[in-house]
Amino acid sequence: MDFDETDLGMQLKDKNLFRQQCFIDGKWTDSLSGETFDVYNPSDLSLVGRMPNCSKIETIKAIDAANKAWDEWKKISGKDRSLIIRNWHQLILDNVDDLALIMTLENGKPISDSKGEIMYASWFTDWFSEEAKRAYGKTIPSTLADRRIITIKQPIGVCGIITPWNFPSAMITRKVAPALAAGCPVVIKPAGTTPFSATALVELANRAGVPKGIINLISVSEKDVGEVGDELCTNKNVRKISFTGSTNVGRALIAKSASTIKKVSMELGGHAPLIVFEDADLDEAVKGAMANKYRNSGQVCVSANRIFVHEKIHDKFAEKLAKKSSELKVSDGRKDGAQIGPLITMAAVEKVQNHVSDAKNKGAKIITGGDIDNAGKQFYKPTVMTNVTNDMKIFYEETFGPVAPLIKFSSDEEVIKMANDTNYGLAGYFFSKDIGRIWRVAEALEYGMIGVNAGVISTEVAPFGGIKESGIGREGAAEGLDEYLEIKYICFDGISN
Ligand code: SIN
């Protein structure tokens, strides 16, 4: 397709960052059938671009290319891989404006948030360019005098990287940077709704010197994704699947990967509680809740889905949160001052509407929002609800929208029980100034990540991940590198004379 058909290419400083092809074995390529699928801007439903609709055949080609290229890649030193990842990091920083514009057009998020996400994405290239040099093994004292024991860590092999639309760049660098650092090749399958952030990052990785075959990208529409997903999960040359997305899709990928006993990392759904205790700094708690709840219009796995507020401060907190929520600017992400963008699809809007009307019918009170915004049919008003109870869908299901349901509580014991009453276990947050309570609650909450007096806790230096049905494995930090490494134990006998 020509650039002028959608005009995105023309708006970029570097037009070659707008890639509408797959990347296999170091070459930009179309699907074998020539079939494509359209990608739309969720703000105004205009066409952003077209991507090849790939199938099993292209997926096998990409896996084979990756497997072949792995032979050389695994032999080079961690330091040399580190230098390539560092080049990639620098190129990402050099192209923040273009990468952010691409993201805003395909995902809808406000341009300032897109820039923030590109910076977040770059933290992982920065971190893992360093970690590439630190795949340390161990020496282990043997139980026999004439033996010595060590462990070494080696790259696991070809990794299938399946990324979501809500953080279309950061989820790629959070997975691909450690894979490259460990010495693994990758086949990326980005979300069908946001493939252009991914192709732009692959273009930059190619320019950074990642060798041919080490990074591959396959695109497929959401409706045809099954065949590509099945191949990634069942092909014996793929040794690891890393996925960020819903719990139900994660469950299906784990089941499919079982046929070849692959290692899996799964960052799945969340249903985060955010608790405001009676001793909290109220303004800080409102600030934290705002930053947490409305990031990416609430389309975030670690966003609070249930806000528990102590009865003594409930009404004051609700009033402050509603006032601030109603002041947020809802608009096309390209407009100045935009703070809340559209939801990704009409299906996402319908889910939010369904949760809100179910809650309303069962007695919840909408104190601000509760409806589609005038900005367009996929824009939902920031919404605050009180009188939320555990017979409402919103109490148990992830809403993935800008809706803040408030639930009153009266004791620590009661709120911990309610907060843990879910199959999810990704992130939890609470606000309190009492150090004893802080330790007790942090330990009692059944979540992989806890924010204490903090609404946003994502960082490259700490292990991101969930427990229960929110996932397996950790991303970022030293743990993030281990996900792409296998441990080999080597035993030396006959050491004594
Ligand atoms: C996600 O929601 O998928 C990731 C959020 C984050 O990394 O902070």
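That block above? That's the structure.
Presented here is an overview of the structure given in this document. (Residues numbered from 1 in each chain as written. Predicted model: local features only at pLDDT ≥ 70, side-chain atom pairs only at ≥ 80, totals over all residues. Heavy atoms only, no water.)

Observations concerning the packing of aromatic side chains
Inference 1: A full pass over the atoms with the stated rule returns nine aromatic pairs.
Inference 2: Ring geometry for F277 and F430: centres 6.1 Å apart, planes at 85°, overall edge-to-face. Note that F277 is positioned in the loop between strand 12 (272-276) and helix 10 (282-294) and F430 in strand 17 (residues 427-431), a separation of 153 residues in sequence.
Inference 3: The interplanar angle of 80° and the centroid separation of 6.3 Å between the aromatic rings of F308 and F395 together place this pair among those described as edge-to-face. Taken together, the positions of F308 in strand 13 (residues 304-310) and F395 in helix 13 (residues 393-396) put the pair 87 residues apart, joining distant regions of the chain. Neither residue differs from the other here; F308 and F395 are each classed as buried.
Inference 4: Pairwise contacts between aromatic rings join Y120, W123 and F124 into one cluster.
Inference 5: The ring centre of W70 lies 3.7 Å from the NZ or CZ of K74, which sits over that ring.
Inference 6: The ring of F167 has K109 lying over it, and the distance from NZ or CZ to the ring centre is 4.1 Å. (Phe/Tyr/Trp six-rings, centres within 6.5 Å; stacked < 30°, edge-to-face > 60°. Helix = DSSP H or I, 4+ residues; strand = E, 2+ residues; numbered from the N terminus. Buried < 20%, exposed > 50% of the residue type's maximum accessible area, 1.4 Å probe, protein only. Lys NZ or Arg CZ within 6 Å of the ring centre and 35° of its normal.)

Remarks on the nonpolar core
Inference 1: Core analysis: the largest hydrophobic core is formed by 127 residues, its most contacted members being F317 and L321.
Inference 2: When residues in this core are grouped by element, the largest group, nine residues, is from helix 6 (residues 170-182).
Inference 3: Once residues lying within four places of it in the same chain are set aside, the contact partners of L321 are V286, A289, M290, I307, V384, A404 and L406.
Inference 4: If you look at the next biggest cluster of nonpolar residues, it comprises 21 residues, including C22, C54, C233 and V264. (Core = buried A, V, L, I, M, F, W, Y, C linked by side-chain atoms within 4.5 Å. Contact = heavy atoms within 4.5 Å.)

Structural notes on the site of the ligand
Inference 1: Contacts to the ligand come from Y120, N166, F167, M171, R174, T244, R295, V300, C301, V302, S458 and F464.
Inference 2: In this structure, an oxygen atom belonging to the ligand sits 3.4 Å away from a side-chain N or O atom of N166.
Inference 3: Within the side chain of R295, an N or O atom sits 2.9 Å from an oxygen atom of the ligand.
Inference 4: Contact with the protein chains hides 99% of the accessible area of the ligand, taken as 260 Å² for the molecule alone. (Near = heavy atom within 4 Å. Polar contact = N/O pair within 3.5 Å; in protein donor to acceptor, adjacent residues only side chain to side chain. Areas by Shrake-Rupley, 256 points an atom, 1.4 Å probe, with all protein chains shown as cover.)

Quick look at the sheet that holds strand 15 (residues 383-386)
Inference 1: Read across the sheet, seven strands follow the order 14-15-16-13-12-17-18 without closing on themselves; strand pairing throughout is mixed. Bordering the open sheet on either side are strand 14 (365-368) and strand 18 (449-452), each of which pairs with just one other strand. Each adjacent strand pair in this sheet contributes to an overall mean axis angle of 25°, direction not counted.
Inference 2: Judged from the three bridges that link them, strand 12 and strand 17 form a sheet pairing that is parallel. The partner of V276 across the bridge, within strand 17, is F431.
Inference 3: Sheet strands in contact with helix 11 (residues 314-326) are strand 12, strand 13, strand 14, strand 15 and strand 16 (403-409), and its direction is about 175° off that of strand 16. (Pairing = 2+ DSSP bridges. Axes fitted to C-alpha atoms, helices over the stretch in contact; angles between N-to-C directions.)

What to know about the sheet that holds strand 20 (residues 485-492)
Inference 1: What the three strands build is an open sheet, ordered 5-6-20; its pairing is antiparallel. A strand with exactly one partner marks an edge of an open sheet, and here the two such strands are strand 5 (138-140) and strand 20. Neighbour-to-neighbour, the strand axes of the sheet open up by a mean angle of 25°, direction not taken into account.
Inference 2: Summarising the sheet, strand 6 (residues 148-155) and strand 20 pair through eight bridges and their orientation is antiparallel. Paired with Q154 across the bridge in strand 20 is E486.

Focus: the layout of surface pockets
Inference 1: Taken as a whole, the largest pocket spans an internal volume of roughly 930 Å³.
Inference 2: Forming the boundary of the largest pocket are 35 residues, of which W165, F243, G245, S246 and V249 lie nearest the centre.
Inference 3: Those elements that provide at least two residues to the lining of the largest pocket are helix 8 (225-234), strand 10 (238-244), helix 9 (247-257) and helix 12 (346-361).
Inference 4: Examining the composition of the lining of the largest pocket, we find that six residues originate from one element, helix 9, more than from any other.
Inference 5: Looking at the lining of the largest pocket residue by residue, the class counts come to 15 nonpolar, 13 polar and seven charged. (1 Å grid on protein atoms, 1.4 Å probe; cavity = no way out; pocket = protein on both sides within 12 Å on 5 of 7 lines; lining within 4 Å. Points joined across faces, edges and corners; volume = space filled by probe spheres on them. Nonpolar A, V, L, I, M, F, W, Y, C, P; charged D, E, K, R; others polar.)

Thoughts on empty space enclosed by the protein
Taking a probe equal in size to a water molecule and rolling it over the atoms shows the remaining empty space.
Inference 1: If you walk through the whole model with that rule in mind, you get three cavities of 30 Å³ or more.
Inference 2: In this structure, the largest cavity encloses a volume near 130 Å³.
Inference 3: Forming the walls of the largest cavity are 15 residues, and the residues nearest its centre are F167, M171, R174, V300 and F464.
Inference 4: Along the lines of polarity and charge, the residues of the lining of the largest cavity split into nine nonpolar, three polar and three charged.
Inference 5: Roughly 40 Å³ of internal volume is contained in the second largest cavity.
Inference 6: Lining the second largest cavity, in full, are F23, G26, V202, A205, N206, V210, P211, K212, G213 and I215.
Inference 7: Sorting elements by how many residues they give to the lining of the second largest cavity places helix 7 (residues 195-208) first, with three residues.
Inference 8: Partitioning the lining of the second largest cavity into residue classes produces six nonpolar, three polar and one charged.

What to know about the packing of helix 3 (residues 78-94) against helix 6
Inference 1: Direction vectors running N to C along helix 3 and helix 6 enclose 155°, while the axes themselves pass 8 Å from each other. In terms of orientation, helix 3 and helix 6 fall into the roughly antiparallel class. With respect to the hand of their crossing, helix 3 and helix 6 are arranged in right-handed fashion. Residues R81, I85, W88 and I92 of helix 3 pack against T173, V176, A177, L180, A181 and A182 of helix 6.
Inference 2: Residue composition of the contact of helix 3 with helix 6, grouped by class: eight nonpolar, one polar and one charged. (Parallel < 35°, antiparallel > 145°, perpendicular 65-115°, else oblique. Left-handed = near helix turned anticlockwise from the far one by under 90°.)

Any functional reading would require information beyond the geometric quantities listed.
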